[in-house]
Amino acid sequence: DALVLCTTEGPALAPDEVHALQGWVQEGGALIVSAFSNWSRHGHFAAETVGWLGIRTIAGAEFLPRHSHTFRQDVTACAETARLCGASGPFAVAASGQFVNTGESVFCITEEGFAGGAVKLCDLHPAAPATLNFMMPTEGLTTLCFYPPGSPAAQKGRVLVCSNYHWLADACYWNGGTLQRGDNARLLLNFLAGAVAARVNPSRTEL
């Protein structure tokens, strides 16, 4: 199963909801979740939505301009991450400029997040305010990360944390979606393909 979760216009997740979400992922659920924190209708800025992953959002973070990210070279050190955003995935991605998004808001992977298995996929947006470096450790600042299966946080499941969903929307979406740009569609397909593959018994044969 796969779930796309956004709480930007909804209330904060209650503790029992966070517990249920965490349990669902760790039993094999595939979660794409937004850590958007430029604006929050109910003033929680997705803190509870991603906090259980060891991610800290920045309330009122700047709404960044469109940018084409190249995935970090070290992400291929993890086989699951290489299949998500590398040449070894079922939908192989290009060598550069693979992830295009607009309106990102920076979040921070904390020490707990890295201990939980977070893989930082993109470096800090070049338009991000330099003051962020003084607020939080630079190595944790990003707009996209992945918790692969087998990591302490995801266990049997997988989690892709982004800063908004413009990358999943088409060009007609408010402020312009970027699904058709870069390798956004391939990133999504690789994530879903991995989730489906994990659910299929490799010993099963069709009559």
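Residues numbered from 1 in each chain as written. Predicted model: local features only at pLDDT ≥ 70, side-chain atom pairs only at ≥ 80, totals over all residues. Heavy atoms only, no water.

A. Spotlight on the overall build of the protein chain. When its secondary structure is counted, the protein chain shows six helices and 10 strands. A compact globule built from 207 residues should have a C-alpha radius of gyration of about 17 Å, and the protein chain, at 16 Å, falls within 12% of that. By principal-axis analysis of the C-alpha atoms, the protein chain measures approximately 60 × 40 × 35 Å. Burial analysis of the protein chain (207 residues in total) assigns 49% to the buried set. In the protein chain, the share of contacts with a sequence separation of at least 24, taken over all contacts with a separation of at least 6, comes to 72%. Of the charged side chains in the protein chain, 12 are positive and 17 negative; the average position of the first set lies 6 Å away from that of the second. (Helix = DSSP H or I, 4+ residues; strand = E, 2+ residues; numbered from the N terminus. Rg over C-alpha atoms; globule rule 2.2 N^0.38 Å. Buried < 20%, exposed > 50% of the residue type's maximum accessible area, 1.4 Å probe, protein only. Contact = heavy atoms within 4.5 Å. Lys, Arg positive; Asp, Glu negative; His and termini not counted. Charge placed at Lys NZ, Arg CZ, Asp CG, Glu CD.)

B. Structural context of the sheet that holds strand S9 (residues 144-147). Strand order in the open sheet formed by five strands is S1-S2-S10-S9-S7, with mixed pairing between adjacent strands. Here the strands that pair on one side only, and so sit at the sheet edges, are strand S1 (2-5) and strand S7 (119-120). In terms of strand pairing, S9 meets strand S10 (residues 158-162) through four bridges, oriented antiparallel. Directly across from Tyr 147, in S10, lies its bridge partner Val 159. Contacts between helix H6 (residues 184-199) and the sheet are confined to S1, strand S2 (30-34), S9 and S10, with S10 contributing the most and set at about 160 degrees to the helix. (Pairing = 2+ DSSP bridges. Axes fitted to C-alpha atoms, helices over the stretch in contact; angles between N-to-C directions.)

C. Region of the structure containing unusual backbone geometry. Phi at Ala 46 is positive, roughly 65 degrees, even though this residue is not glycine. By the secondary structure assignment, Ala 46 is in the loop between S2 and helix H2 (47-51). One non-glycine residue, Gln 155, adopts positive backbone phi at about 50 degrees. In this structure, Gln 155 sits in the loop between S9 and S10.

D. Highlighting H6. Here H6 contains 16 residues, and its C-alpha end-to-end distance of 23 Å stays within 8% of the 22 Å for a straight helix at 1.5 Å per residue. Within the span of H6, buried status applies to Asn 184, Leu 187, Asn 190, Phe 191, Gly 194 and Ala 195. Taken around the axis of H6, the buried residues stretch over an arc of 130 degrees, which confines them to a single face. Pointing more than 90 degrees away from the buried face of H6 are the exposed residues Val 196 and Ala 197. Buried residues along H6 sit against S2, helix H3 (79-85), strand S5 (99-101), S9 and S10. (Expected span 1.5 Å × (residues − 1). Arc of directions from axis to C-beta.)

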